[in-house]
Amino acid sequence: MSATSVSPWEWGLFGVIVVAMLLVDLLAHRKTQHESRKRAYAWSVAWIGVGLAFAGFVAVRHGGTAAQEYLGAYLIEKSLSLDNLFVFLVIFSSLNVPEDSQRRVLFWGILGALGFRALFIFLGLQALERWHWVVYVFAALLLVAAVRVARSPPNAPTEGKNKLVGFLEKHLPVTRGFDGKRFFVREDGHWRATPLLLALITIELSDVAFAIDSVPAAMSVSRNMFVVYTSNILAILGLRALYIALSKTVHELRYLHWGLAAVLAFAAAKMLLSHWVEVSPLLSVAIIVVLIGASVAWSLRYKARHPQAPASPRSEPRPPAPGGHREARA
């Protein structure tokens, strides 16, 4: 399957699916103040169902091998998105963002990710086609990411604010409190950003860092623009529901970081050895499922044996600063 073999109407269909999913996500939660975890789990299953159904479309249009590549890239992105949840928890905790406002930030953050991922994937694939040595650069990035993830267990303490949040607070005119779900308010004749905009900017910049890990990992499975981009986007579209569903429990998966690190290391090895060893897409899918499944099962087994184990400090919200929720009026 080559990029040129993808018909324009296939890109158009994908665009319609994405727009429809975004509208459903926006309208379905418009009046929801506090979404239950049960409902969030149901939405997560629905988004995963759409992603897997698209694999069937890829199989019909481009064959089983292309569908296997899609599934491999989708599983990589979905797995690595679990690591993103820890960062979101720290960002929202640093700024004391109310729960109902977190969904708004995540929605616009995902919308911005659509453009960032398209740019990263296009540039990455173009670089791989022009210069073979880029493979080794991407593999090195993945190995560094694997080490970083392995050294950051979910129960590791996180002191103080997210560094990026602290930097933006010093360099942007920001109000001390929130004004509903507004990103800007007018104070003393000047426009100022609310902490909600600060959270959105931090998440968008964090997604750039996430893309540096996940996009090369997906390219270790496929070099096709259509496969890599559609799998990436369909994997992150359900991230808001996944965050709501797992934000209270993801810290209990104490061994998940080992599975994520192993997936990144596998992707790096696949890239480094691609000239000598060919790993089929189906085998790649199986390896990813085993690595993540084993780390989750190991975590659940530990939790069952140690039900009183302390929760991750990352999951504990910081107490709001005095005046931290004072409403800023326009």
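If you're wondering where the values come from, they're calculated on a predicted model, not measured in any experiment. (Residues numbered from 1 in each chain as written. Predicted model: local features only at pLDDT ≥ 70, side-chain atom pairs only at ≥ 80, totals over all residues. Heavy atoms only, no water.)

Draft legend 1. Quick peek at the packing of helix H5 (residues 134–150) against helix H10 (residues 256–272). Interhelical geometry of H5 versus H10 gives an angle of 165° and a closest axis separation of 8 Å. With respect to H10, the axis of H5 lies roughly antiparallel. Crossing geometry of H5 relative to H10 is assigned as left-handed. Touching Val-135, Tyr-136, Phe-138, Ala-139, Leu-142, Leu-143, Ala-145, Ala-146, Val-149 and Ala-150 of H5 are His-257, Trp-258, Leu-260, Ala-261, Leu-264, Ala-265, Ala-267, Ala-268, Met-271 and Leu-272, all from H10. When grouped by side-chain class, the residues that make up the contact of H5 with H10 number 19 nonpolar, one polar and no charged. (Axes fitted to C-alpha atoms, helices over the stretch in contact; angles between N-to-C directions. Helix = DSSP H or I, 4+ residues; strand = E, 2+ residues; numbered from the N terminus. Parallel < 35°, antiparallel > 145°, perpendicular 65-115°, else oblique. Left-handed = near helix turned anticlockwise from the far one by under 90°. Contact = heavy atoms within 4.5 Å. Nonpolar A, V, L, I, M, F, W, Y, C, P; charged D, E, K, R; others polar.)

Draft legend 2. Just the packing of aromatic side chains, in detail. This model, assessed by the stated rule, comprises 16 aromatic pairs. Aromatic side chains Phe-14 and Tyr-229 sit 5.9 Å apart centroid to centroid with 75° between the ring planes, which places their arrangement in the edge-to-face category. Of the two residues, Phe-14 is situated in helix H1 (residues 8–28) and Tyr-229 in helix H8 (residues 225–236); the sequence distance between them amounts to 215 residues. The pair formed by Phe-14 and Tyr-229 is uniform in burial state, with each residue classed as buried. Within the aromatic cluster, the residues linked to one another by ring pairs are Trp-9, Trp-11, Phe-14, Phe-54, Phe-57, Tyr-70, Tyr-74, Phe-226 and Tyr-229. Seen from the ring of Tyr-255, Arg-254 lies directly overhead, with NZ or CZ sitting 5.9 Å from the centre. (Phe/Tyr/Trp six-rings, centres within 6.5 Å; stacked < 30°, edge-to-face > 60°. Buried < 20%, exposed > 50% of the residue type's maximum accessible area, 1.4 Å probe, protein only. Lys NZ or Arg CZ within 6 Å of the ring centre and 35° of its normal.)

Draft legend 3. Representation of a nonpolar patch on the surface within the structure. Together, Trp-131, Trp-133, Tyr-136, Val-137, Leu-141, Leu-143, Ile-212, Leu-272, Leu-273, Trp-276 and Val-277 make up an exposed nonpolar region whose accessible area comes to about 1000 Å². Per element, the largest residue contribution to the nonpolar patch is four residues, and it comes from H5. As for its placement among the helices and strands, Trp-131 is situated in the loop between helix H4 (99–130) and H5. (Patch = residues over 30% accessible without salt bridge, like charges linked within 9 Å, V, L, I, M, F, W, Y side chains within 5 Å. Areas by Shrake-Rupley, 256 points an atom, 1.4 Å probe, with all protein chains shown as cover. Salt bridge = Lys/Arg side-chain N within 4 Å of Asp/Glu carboxyl O.)

Draft legend 4. Spotlight on helix H2 (residues 37–62). The terminal C-alpha atoms of H2 lie 37 Å apart, and with 26 residues this matches the ideal 38 Å at 1.5 Å per residue to within 8%. Of all the residues in H2, the buried ones are Ala-40, Trp-43, Ser-44, Trp-47, Gly-51, Phe-54, Ala-55, Phe-57, Val-58 and His-62. Where H2 is buried, its residues meet H1, helix H3 (64–95), H8 and helix H9 (239–246). (Expected span 1.5 Å × (residues − 1).)

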